[in-house]
Amino acid sequence: MMKTKRLLTSVLAGAMVLASAIPVFAAETDGTSDSNTSAVATVNSFDFISYGDYLAKYESAENGKKTIEIKGTDYDADGTDAAVSEAKNVYGDKEACLLVPVDGTAQWKFEIPDAGLYNIEIVYAAVTKEGSNGETTSSTNNIERILNVNGEVPFLESRHIALKKSWSFNYTENEDGELRFETDGIGNELRPTLKFIGGWEDLTLFDTSTYYAEPFLYYFSKGENTISLYGIREDMYIKEIIVKAPEALPSYADVLKEYSSKGYAAADAEPIYINAETPAVVSSSTITPGYDRSSAISEPQSATTIKRNIIGGTNWTNTSDYVKYNFTVERDGLYSIVLRYKQDSVPGVFVSRAVMIDGEYPFAEAKNCRFDYKQDWQVGPLADSENEFQFYLSAGEHEITLTATVGEFGEILTRVNDISDQLNDDYLQIVKLTGAYPDDTRDYGFSRVMPDVIRNIARCADDLQDIVDTIGEMSGGKSQNTSTLETAILTLRAMGESERSIAENLSVMKSHVSSLSSWCSDLTSQPLQIDYIMVQSPDAELP
């Protein structure tokens with residue numbers, strides 16, 4: 001079973017020092033919380049089960065069948081201590097909404113007709129302020145909340161609900177009408193200034209680490225229930241909270257059958273070229289246009305001046321961060337979406353992006369588009385390990401969203417984190433007997449005193465070996481990214497097979513626990529550079 005103790009002892013100790021001096025969840029009054037708030041929240045996170053354990057707890061529960069729409073203004077006054085207020089004409093919407101400040105809790109009551117598992121969608125908007133240049137803007141922080149169900153945090157990840165804001169850049173136009181960037185006196189394209197895009201957003205709550213690909217499922221009993229949001233960072237507007245029945249995405253195979261039954265064919269159309277460095281929307285102020293001079297064909301290119309010609313790299317690594325592009329299709333039909341990309345930062349494995357078309361995932365596999373490691377630039381269509389995807393697009397305007405995700409590594413990262421937790425518990429059990437500095441020459445009788453611990457250490461070694469083999473299969477061969485796991489396997493197998501090696505390897509075992517956690521953190525980083533995107537007929541040659 002997944003546990004929640006995933007932090008190093010030093011981090012916990014530091015957070016506990018802060019906790020002793022700072023009230024739990026203290027938030028600044030300017031709409032943000034300070035770093036101490038996060039530290040205290042980290043300490044308290046030890047009290048909660050993981051989402052994986054929560055799903056196991058309700059594995060026999062059925063999915064809900066109805067959709068319940070709750071207006072933001074229909075809040076429960078008795079359960080709300082935040083200084084909420086009604087607002088109108090927010091972003092031009094005449095419908096009333098609720099202004100919810102960061103301080104305190106806002107709660108809503110509602111009736112559930114059928115007990116079961118439901119998704120939760122929030123329709124929200126960021127609160128604005130006047131910028132230094134007089135433009136309407138907002139802070140670059142995400143909106144953050146803790147979501148409670150019926151007065152309790154249902155699982156650890158529900159304490160980290162992040163609602164993103166939309167940003168773009170202040171572009172110029174060249175003589176061809178293309179979006180470009182301001183230049184300095186010698187023609188170098190400058191880093192563009194950020195521009196806030198205000199408006200209503202809707203988010204079905206999900207795991208921002210993307211270990212779990214599907215939206216969060218929350219269990220509600222039949223009858224009256226409550227949802228409450230505790231403020232961590234940023235004031236916000238809430239128009240509506242929707243408790244809805246989960247919907248399974250079709251598989252790509254099923255979508256292909258649908259294409260065939262409807263007679264869809266490859267589009268007879270000219271390719272559509274999209275400059276990746278000029279997205280319509282980014283979800284984070286850290287995702288900025290960059291420039292590449294490693295390849296002469298990165299577009300645009302200049303031998304004498306800086307031309308911003310890529311998006312991403314080390315500034316687009318965080319899971320759940322996304323970029324959006326708008327494009328227009330002239331004819332109905334099937335299209336391939338081809339990218340010129342570079343993934344040279346995570347050796348031996350691929351990184352992933354989840355792809356939405358017009359705000360929806362077209363099929364389940366679109367959540368796991370993969371980009372293999374190579375030191376050079378590559379060109380290829382959106383694909384997973386088995387298929388190069390085709391997308392049906394009608395004539396007209398469309399939007400594509402690329403979101404950083406761990407993709408197929410989600411289950412592996414969950415397993416390694418679980419193994420790390422188990423080994424940490426095993427280490428603590430051994431230290432209770434031996435102390436932190438055991439005597440290598442003493443017979444502690446480990447097999448007699450704690451046989452389950454020794455068996456579990458051996459089992460963890462086998463599980464890690466299975467993970468190494470799985471990564472090799474996913475990556476098409478032995479991966480250099482698994483050396484940390486392989487080193488741990490050697491030590492754990494020695495400890496599981498010989499009592500004499502346990503005491504002498506105890507400190508090494510402790511370092512492996514730390515290394516496994518670091519390995520998961522490193523693999524969660526998903527860097528990717530994109531030069532351009534082509535929307536073209538599947539029959540067309542690659543650029």
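How each quantity is defined
- Residues numbered from 1 in each chain as written.
- Predicted model: local features only at pLDDT ≥ 70, side-chain atom pairs only at ≥ 80, totals over all residues.
- Heavy atoms only, no water.
- Helix = DSSP H or I, 4+ residues; strand = E, 2+ residues; numbered from the N terminus.
- Rg over C-alpha atoms; globule rule 2.2 N^0.38 Å.
- Contact = heavy atoms within 4.5 Å.
- Areas by Shrake-Rupley, 256 points an atom, 1.4 Å probe, with all protein chains shown as cover.
- Lys, Arg positive; Asp, Glu negative; His and termini not counted.
- Charge placed at Lys NZ, Arg CZ, Asp CG, Glu CD.
- Patch = residues over 30% accessible without salt bridge, like charges linked within 9 Å, V, L, I, M, F, W, Y side chains within 5 Å.
- Salt bridge = Lys/Arg side-chain N within 4 Å of Asp/Glu carboxyl O.
- Buried < 20%, exposed > 50% of the residue type's maximum accessible area, 1.4 Å probe, protein only.
- Core = buried A, V, L, I, M, F, W, Y, C linked by side-chain atoms within 4.5 Å.
- Axes fitted to C-alpha atoms, helices over the stretch in contact; angles between N-to-C directions.
- Parallel < 35°, antiparallel > 145°, perpendicular 65-115°, else oblique.
- Left-handed = near helix turned anticlockwise from the far one by under 90°.
- Nonpolar A, V, L, I, M, F, W, Y, C, P; charged D, E, K, R; others polar.
- Pairing = 2+ DSSP bridges.
- Expected span 1.5 Å × (residues − 1).
- Polar contact = N/O pair within 3.5 Å; in protein donor to acceptor, adjacent residues only side chain to side chain.
- pLDDT = per-residue confidence, 0-100.
- 1 Å grid on protein atoms, 1.4 Å probe; cavity = no way out; pocket = protein on both sides within 12 Å on 5 of 7 lines; lining within 4 Å.
- Points joined across faces, edges and corners; volume = space filled by probe spheres on them.

### Describing the overall build of the protein
1) Next: Along the backbone of the protein there are 10 helices and 29 strands.
2) Next: Taking 543 residues into account, the globule formula puts the C-alpha radius of gyration at 24 Å, and the protein, at 26 Å, falls close to it.
3) Next: On the principal axes, the C-alpha backbone points of the protein span a range of 80 × 60 × 60 Å.
4) Next: Summarising the internal contacts of the protein: among those between residues at least 6 apart in sequence, 79% fall at separations of at least 24.
5) Next: Per element, the accessible surface of the protein, about 25100 Å² overall, is 46% carbon and sulfur.
6) Next: Both charge centroids of the protein, one from 45 positive and one from 84 negative side chains, sit 4 Å from each other.

### Details of a negative patch on the surface
1) Next: Together, D202, E247, D358 and E360 line one region of the surface with negative charge.
2) Next: By secondary structure assignment, the location of E247 is in the loop between β17 (236–244) and α4 (252–261).
3) Next: With a relative accessible area of 72%, E247 lands in the exposed category.

### A few points about the pattern of salt bridges
1) Next: Inspection of the entire model under this criterion finds 17 salt bridges.
2) Next: One salt bridge in this structure joins K65 and E62, with 3.2 Å as the shortest N-O distance.
3) Next: The class for K65 is exposed, based on a relative accessible area of 55%.
4) Next: Assessed through its relative accessible area of 54%, E62 is described here as exposed.
5) Next: A network of salt bridges, in which partner residues are shared, links R180, E189 and E277.

### Description of the nonpolar core
1) Next: In this structure, Y218, F220, L382 and F409 are the most contacted members of the largest nonpolar core, which totals 120 residues.
2) Next: It is helix α7 (residues 451–475) that contributes the most residues to this core, 10 residues altogether.

### Some points on the side chain of T80
1) Next: Inspection of the secondary structure assignment puts T80 in the loop between β1 (68–71) and β2 (85–87).
2) Next: With near-sequence residues (within four places) excluded, T80 lies in contact with Y75, T105, A106 and Q107.

### A few points about the packing of helix α5 (residues 410–434) against α7
1) Next: In the contact formed by α5 and α7, the axes pass within 10 Å of each other and the chain directions differ by 160°. On the basis of the axis angle, α5 is roughly antiparallel to α7. Considering how the two elements wind past one another, α5 and α7 form a crossing that is left-handed. The segment α5 lies against α7, with I412, R415, V416, I419, Q422, L423, D426, Q429 and I430 engaging V453, N456, I457, C460, D463, L464, D466, I467, T470, I471 and M474.
2) Next: By residue class, the composition of the contact of α5 with α7 is 12 nonpolar, 4 polar and 4 charged.

### Overview of the sheet that holds strand β4 (residues 105–112)
1) Next: Read across the sheet, 4 strands follow the order β4-β16-β8-β9 without closing on themselves; strand pairing throughout is antiparallel. Across the chains shown, the open sheet's two edge strands, defined by having one partner strand only, are β4 and β9 (161–163). Averaged over neighbouring strand pairs, the angle between their axes works out to 30° when direction is ignored.

### Section: α7
1) Next: The terminal C-alpha atoms of α7 lie 36 Å apart, and with 25 residues this matches the ideal 36 Å at 1.5 Å per residue to within 8%.
2) Next: Looking only at α7, the buried set comprises V453, I454, N456, I457, C460, A461, L464, I467, V468, I471, G472 and M474.
3) Next: Those residues of α7 hidden inside the fold are in contact with β25 (369–371), α5, α6 (446–449), α8 (483–497), α9 (500–504) and α10 (506–524).
4) Next: Immediately beyond the C-terminal end of α7, within one or two residues, lies G476, with a positive phi of roughly 80°.

### Focus on the side chain of Q343
1) Next: Among the structural elements, Q343 can be located in the loop between β23 (333–342) and β24 (351–357).
2) Next: According to the relative accessible area criterion, Q343 is buried, its value standing at 0%.
3) Next: Only 3.1 Å separates the side chain of Q343 from the backbone nitrogen of S345, close enough to count as a polar contact.
4) Next: Within the local environment of Q343, its side chain forms a polar contact with the backbone nitrogen of V346, the two atoms lying 2.9 Å apart.

### Quick notes on the environment of K510
1) Next: For K510, the location among the structural elements is in helix α10.
2) Next: Its relative accessible area of 46% is what places K510 among the partly exposed residues.
3) Next: In this structure, the C-alpha to C-alpha distance between K510 and G313, residues 197 residues apart in sequence, is 33 Å.

### Considerations on the confidence of the model for the protein
1) Next: Chain-level statistics for the protein give a pLDDT mean of 91 and a share of 91% at 70 or above.
2) Next: Within the model, pLDDT remains below 50 along residues 1–45, and this stretch shows 75 contacts once partners closer than five positions in the same chain are excluded.

### Some points on empty space enclosed by the protein
1) Next: Summed over the entire model, instances satisfying the criterion amount to 1 cavity of 30 Å³ or more.
2) Next: The space that makes up the largest cavity amounts to roughly 40 Å³.
3) Next: Lining the largest cavity, in full, are Y124, A125, A126, K164, K165, S166, F196, I197, G198, G199 and E201.
4) Next: With 3 residues, the top contributor of residues to the lining of the largest cavity is strand β5 (residues 116–126).
5) Next: Its residues placed into classes, the lining of the largest cavity shows 5 nonpolar, 3 polar and 3 charged.

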